[in-house]
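# Working through the structure, step by step
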Amino acid sequence: MSSVAGASPAGAPTESCGGGGTFAGTPGPGLWAQDGQGNGVAPWSLGTTRDTQVCVTYRDVALKCVSWPTAGWTPGVFMNYGTNFAVALNQDGSVNSAANPAASGSIVSVFANGLGSITPQQGDGALVNLPLPTNDLPASVQALVPDPNSPRGAGTMQVAAEVTYNGPAPFRVAGVSQINFRLNTNVGATYRVGVAGEFSQVFRIFVTPQ
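Residues numbered from 1 in each chain as written. Predicted model: local features only at pLDDT ≥ 70, side-chain atom pairs only at ≥ 80, totals over all residues. Heavy atoms only, no water.

With that settled, consider the overall build of the protein. Along the protein, the regular secondary structure elements total zero helices and 19 strands. Residues classed as buried in the protein amount to 35% of the 210 residues present. The contacts in the protein between residues at least 6 apart in sequence include a share of 53% that link residues at least 24 apart. Counting only carbon and sulfur atoms, one obtains 55% of the accessible surface of the protein, whose full area is about 11700 Å². (Helix = DSSP H or I, 4+ residues; strand = E, 2+ residues; numbered from the N terminus. Buried < 20%, exposed > 50% of the residue type's maximum accessible area, 1.4 Å probe, protein only. Contact = heavy atoms within 4.5 Å. Areas by Shrake-Rupley, 256 points an atom, 1.4 Å probe, with all protein chains shown as cover.)

Here we take up the state of the cysteines. Considering all chains together, one arrives at one disulfide under this definition. One disulfide bridge connects Cys55 with Cys65, the sulfur atoms lying 2.0 Å from each other. Of note, the bridge from Cys55 to Cys65 carries an S-S torsion of about 110° and is right-handed in sense. You can see Cys55 sitting in strand β7 (residues 49-58) and its partner Cys65 sitting in strand β8 (residues 61-70), a full ten residues away along the chain. (Disulfide = S-S within 2.5 Å.)

Taken together, the eight bridges between β7 and β8 define a ladder with antiparallel strand orientation. Among the inter-strand pairings, Tyr58 is bridged to a residue of β8, identified as Val61. Where β7 hands over to β8, the hairpin turn is made up of two residues, of which Arg59 adopts a positive phi near 50°. (Pairing = 2+ DSSP bridges.)

The strands that make up a sheet pair up through hydrogen bonds in the backbone, lying either parallel or antiparallel. Spatially, four strands are ordered β15-β14-β18-β19 in an open sheet, and the strand pairing comes out antiparallel. Each having just a single partner strand, β15 (156-160) and β19 (198-199) make up the two edges of the open sheet.

Moving on to unusual backbone geometry. A negative phi angle characterises most non-glycine residues, just as the trans form characterises most peptide bonds. Cis peptide bonds are those with omega within 30 degrees of zero, and the linkage from Thr119 to Pro120 qualifies with -5°. In this model, Leu130 is joined to Pro131 through a cis peptide bond whose omega is -5°. With phi around 65°, Phe171 is a residue other than glycine that occupies positive phi space. Among the structural elements, Phe171 can be located in the loop between β16 (163-168) and β17 (176-182). By relative accessible area, which is 47% here, Phe171 ends up partly exposed.

Okay, the packing of aromatic side chains next. For the coordinates displayed, the defined rule picks out four aromatic pairs. Ring geometry for Phe181 and Tyr191: centres 5.1 Å apart, planes at 55°, overall tilted. In this pair, Phe181 is assigned in strand β17 and Tyr191 in strand β18 (residues 190-195), connecting sequence segments ten residues apart. Both rings, one in Phe181 and one in Phe203, keep their centres 6.3 Å apart while their planes meet at 70°; by these two values the pair is edge-to-face. Remark: Phe203 occurs in the segment after β19 and Phe181 occurs in strand β17; sequence separation between them is 22 residues. No difference in accessibility class separates Phe181 from Phe203, as the two residues are buried. Counting every residue linked through ring pairs, the aromatic cluster contains Phe181, Tyr191 and Phe203. Sitting over the face of the ring of Phe199, Arg192 holds its NZ or CZ atom 3.8 Å from the ring centroid. (Phe/Tyr/Trp six-rings, centres within 6.5 Å; stacked < 30°, edge-to-face > 60°. Lys NZ or Arg CZ within 6 Å of the ring centre and 35° of its normal.)

Here the focus is a nonpolar patch on the surface. Taken together, the side chains of Val56, Tyr58, Val61 and Leu63 present a nonpolar region at the surface, about 380 Å² in accessible area. Put simply, the parts of the chain that give the nonpolar patch at least two residues each are β7 and β8. Its location among the elements puts Tyr58 in strand β7. The exposure class assigned to Tyr58 is partly exposed, which follows from its relative accessible area of 38%. (Patch = residues over 30% accessible without salt bridge, like charges linked within 9 Å, V, L, I, M, F, W, Y side chains within 5 Å. Salt bridge = Lys/Arg side-chain N within 4 Å of Asp/Glu carboxyl O.)

Below, the structure is given as structure tokens:
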């Protein structure tokens, strides 16, 4: 992407190599585009509606539009492609993986979007810097563990995990949040992030077997 024809006031490009995207007519900062896929940031100005027009554009001409619902918050956790494991950091800052699992009971960090507004408000496409803004809505993390009282042990119960930080991810594009939480001692537990009654997809963390 050698040429940037337009940019948001915060510096993230809204058009690159002549291509871009709009949300209800407002250009959205782009993060990445390759092999028929483009990743962008929905503008903070979007309202809550069931039929927001999202369009791929080239030289200010809409090539393809789809109608997507928008909401004030819909949490989603960034995942390792093709797996049910979250993109996560261990307590020492290293990348969580099968070869580098977290210790049971340690703190891990996951990254999410769709957690709602932040204060002070940041520009579309801005990179979050210090001092950090704050998320207006608190995020919770639930461990989903087997329920010993369910028939044949097929059911699960939700156990609140200790959240030590919930807020914008430092030096990442505004809208990406970092959530630090303590792993449940149950190595087989899966987790989900909750915000004001809405929940993310379930995810797992690589944990050292006990």
